[in-house]
Amino acid sequence: MKNFVIKGNACWNENIEQIHCEPNAYLVCEDGVCAGVFHELPERYADLPLTDFGDKLILPGMTDLHVHAPQFAFRGLGMDMELMDWLKTYAFPEEAKYKDLVYADRAYAQFADQLRRSATTRAAVFATLHVPATELLMEKMEASGLISYVGKVNMDRNGPDYLCEKSAQESLEATERWICDTKSKFERTHPILTPRFIPSCTDELMHGIRRLVEKYDLPVQSHLSENFSEIEFVQSLCRDSKFYGDAYDRYGLFGGDHRCIMAHCVHSGEAEIELMRKNGVFAAHSPLSNANLSSGAAPVGKLFREFVNVGLASDIAAGESENLFRSISAAIRASKLRWRMLDQEIYPLTVSQAFYIATVGGGKFFGKVGSFDPGYEFDAIVVDDATIPHPQELDLQQRLERTLYLADDRHLCAKYVAGTRLF
Ligand code: GUN
Ligand code: FE
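A short tour of the structure in this document, coming up.

Looking now at the pattern of salt bridges. Within the structure shown, the criterion is met by 23 salt bridges. Two residues, Arg210 and Asp257, come together in a salt bridge whose shortest N-O distance is 2.6 Å. Pair noted here: Arg210 is in helix α5 (residues 203–216) and Asp257 is in the loop between α7 (244–250) and β12 (260–264), with a separation of 47 residues, a long-range link. With its nearest N and O atoms 2.8 Å apart, the salt bridge here joins Asp246 to Arg250. Here Arg250 and Asp246 lie together in helix α7, a separation of 4 residues that amounts to about one turn. Accessibility expressed as a relative area gives 8% for Asp246, which makes it buried. Overall, the relative accessible area of 44% leaves Arg250 in the partly exposed class. Among the charged side chains, a salt-bridge network with shared partners connects Asp55, Asp385 and Arg399.

Another point: the packing of aromatic side chains. Under the definition given, this model contains 17 aromatic pairs. Between the aromatic rings of Phe74 and Trp86, the centroid separation amounts to 5.8 Å while the plane-to-plane angle is 45°, which identifies the pairing as tilted. Here Phe74, found in the loop between β5 (62–68) and α1 (83–96), pairs with Trp86, found in helix α1; they are 12 residues apart in sequence, far enough to count as distant. Taking relative accessible area as the criterion, Trp86 reaches 3% and is therefore assigned buried.

A separate point is the coordination of the iron ion (ligand 2). Every protein donor of the iron ion (ligand 2) is listed here as His66 (NE2), His68 (NE2), His223 (NE2) and Asp315 (OD), and their distances to the metal cover 2.0 to 2.3 Å. Relative to the metal, the 4 donor atoms surrounding the iron ion (ligand 2) lie at angles of 89 to 173°, and the coordination shape comes out irregular. When the donor residues of the iron ion (ligand 2) are listed from N- to C-terminus, their spacing reads H-x1-H-x154-H-x91-D. With a gap of 249 residues between them, His66 in strand β5 and Asp315 in the loop between β14 (309–312) and α11 (324–341) connect regions that are remote in the sequence. The same class applies to His66 and to Asp315, which are both buried.

Next up on the list: a nonpolar patch on the surface. Nonpolar side chains collect at one region of the surface, where Leu337, Met341 and Leu342 lie side by side and expose about 390 Å² of accessible area between them. Here Leu342 lies in the loop between α11 and α12 (351–363).

In this section: the site of ligand 1. Close to ligand 1 lie 13 residues, the nearest being His68, Gln71, Arg196, Glu226 and Asp315. The side chain of Glu226 places a nitrogen or oxygen atom 2.8 Å from a nitrogen atom of ligand 1. Contacts to ligand 1 include Asp315, whose side-chain N or O atom sits 2.8 Å from a nitrogen atom. Considering ligand 1 on its own, with 280 Å² of exposed area, one finds that the protein chains cover 100% of that surface. In terms of residue count, the dominant contributor to the shell around ligand 1 is α1 (3 residues). Residue composition of the shell around ligand 1, grouped by class: 5 nonpolar, 5 polar and 3 charged.

In this section: the nonpolar core. The biggest cluster of nonpolar side chains holds 125 residues, and the ones touching the most others in it are Leu59, Met62, Phe111, Leu137, Ile198, Tyr248 and Phe325. Among the nonpolar cores identified, the runner-up in size contains 17 residues, and Phe4, Trp12, Cys29 and Val37 belong to it.

Strand order in the open sheet formed by 4 strands is β11-β12-β13-β14, and the pairing between neighbours is parallel. Among the strands making up the open sheet, the edge pair consists of β11 (220–224) and β14. Across the sheet, the mean angle from the axis of one strand to that of its neighbour is 30°, orientation sign disregarded. The pairing of β11 with β12 spans 5 bridges and is classified as parallel. Across the sheet, the residue bridging to His223 is Ala263, located in β12.

Criteria and thresholds
Residues numbered from 1 in each chain as written. Chains lettered and ligands numbered in written order. Predicted model: local features only at pLDDT ≥ 70, side-chain atom pairs only at ≥ 80, totals over all residues. Heavy atoms only, no water. Salt bridge = Lys/Arg side-chain N within 4 Å of Asp/Glu carboxyl O. Helix = DSSP H or I, 4+ residues; strand = E, 2+ residues; numbered from the N terminus. Buried < 20%, exposed > 50% of the residue type's maximum accessible area, 1.4 Å probe, protein only. Phe/Tyr/Trp six-rings, centres within 6.5 Å; stacked < 30°, edge-to-face > 60°. Donors = N, O, S within 2.8 Å, 3.2 Å for Na, K, Ca; no water. Tetrahedral: all angles 85-135°; square planar, octahedral: opposite > 155°, others 65-115°. Patch = residues over 30% accessible without salt bridge, like charges linked within 9 Å, V, L, I, M, F, W, Y side chains within 5 Å. Areas by Shrake-Rupley, 256 points an atom, 1.4 Å probe, with all protein chains shown as cover. Near = heavy atom within 4 Å. Polar contact = N/O pair within 3.5 Å; in protein donor to acceptor, adjacent residues only side chain to side chain. Nonpolar A, V, L, I, M, F, W, Y, C, P; charged D, E, K, R; others polar. Core = buried A, V, L, I, M, F, W, Y, C linked by side-chain atoms within 4.5 Å. Pairing = 2+ DSSP bridges. Axes fitted to C-alpha atoms, helices over the stretch in contact; angles between N-to-C directions.

Next up, the structure:
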């Protein structure tokens with residue numbers, strides 16, 4: 001049923017600088033799309049079924065623009081290293097387990113179930129290099145009701161023997177088979193090309209992935225400028241490149257004619273930021289991960305000042321939680337530390353800016369998503385903030401701010417994705 005009305009206190013971004021709060025509002029969903037938010041219900045919608053959520057908050061659903069499904073199993077563990085050692089010590093051994101479909105079934109069921117309960121309505125997900133487990137994850141994501149992109153990971157160099165494809169050709173053949181098997185199989189779950197990052201992929205593999213982008217018209221997701229050793233390693237592998245993003249661009253895997261997500265962008269310089277803007281690349285900002293792996297603090301304020309698309313990301317398991325409320329407050333905190341200690345030119349994020357990147361910013365990768373303006377797909381979460389006690393009167397802006405700092409899945413009492421109610 002995609003034609004209905006819900007009633008409650010609606011809060012969403014009017015623009016990046018301003019949050020609009022509409023008390024006791026009627027939100028109308030027509031064919032899965034928001035028809036508007038009304039103070040009084042227009043006569044033409046009077047016959048639609050109405051659910052009254054009373055004094056609860058109704059917010060746009062959130063987009064997790066970068067999350068590793070197989071790493072959910074070790075979230076909260078092993079935060080004592082930087083990226084390259086962390087991959088070798090924690091991430092690669094865990095990802096190798098997804099060769100075993102019995103393990104994958106158990107682990108991915110937990111991941112998909114937790115994402116279903118969370119504030120996330122859309123996600124861009126990394127799986128592992130294993131095709132059968134990736135297809136299993138896609139089935140579970142489809143059943144969860146979320147709308148997502150899922151990527152079989154490509155990696156044919158610099159990995160351990162137990163987690164490295166034998167050749168570019170083998171990797172490309174497996175990827176093309178997986179694309180053909182899955183591109184029309186699901187309603188809500190779509191393949192996305194996923195070269196892990198340049199250190200993991202030979203030139204031959206990257207050129208082959210470019211051919212698949214063209215042949216199947218698919219988007220791309222990867223990692224960019226996360227960590228100093230990683231950046232140095234990329235420069236040593238791609239000697240002609242001017243910077244990390246330029247190296248992706250030389251393979252034709254940095255946006256432009258395809259949609260592209262790059263996670264982190266912690267150390268992106270002027271030229272890289274300019275190329276991201278020009279090519280419409282989405283930066284997936286992962287503040288929990290950037291702190292946990294001591295990667296740094298991304299110049300988020302600068303990215304959106306320069307008109308780069310920015311979304312928010314959990315980056316599980318380097319980020320410890322799928323709860324995007326937590327990433328919102330972490331993004332604000334990281335930007336304050338960066339401003340205080342590193343660069344007084346880039347002001348700390350406001351609550352409005354952080355809410356924006358979690359909703360409209362990342363939602364844009366999926367189309368018109370993340371707002372209650374008319375024409376946006378109807379993604380919404382309903383929050384019962386009354387269970388977070390307080391002794392004083394709060395207005396709606398204050399209730400929203402508290403929610404962004406304090407809420408988790410236990411405070412959600414309903415969730416809609418493109419007009420379908422999940423719970
Ligand atoms: N760079 C390459 N692989 C990974 C990963 O799994 N997590 C993070 N945070 N960065 C990466
Ligand atoms: Fe990542």
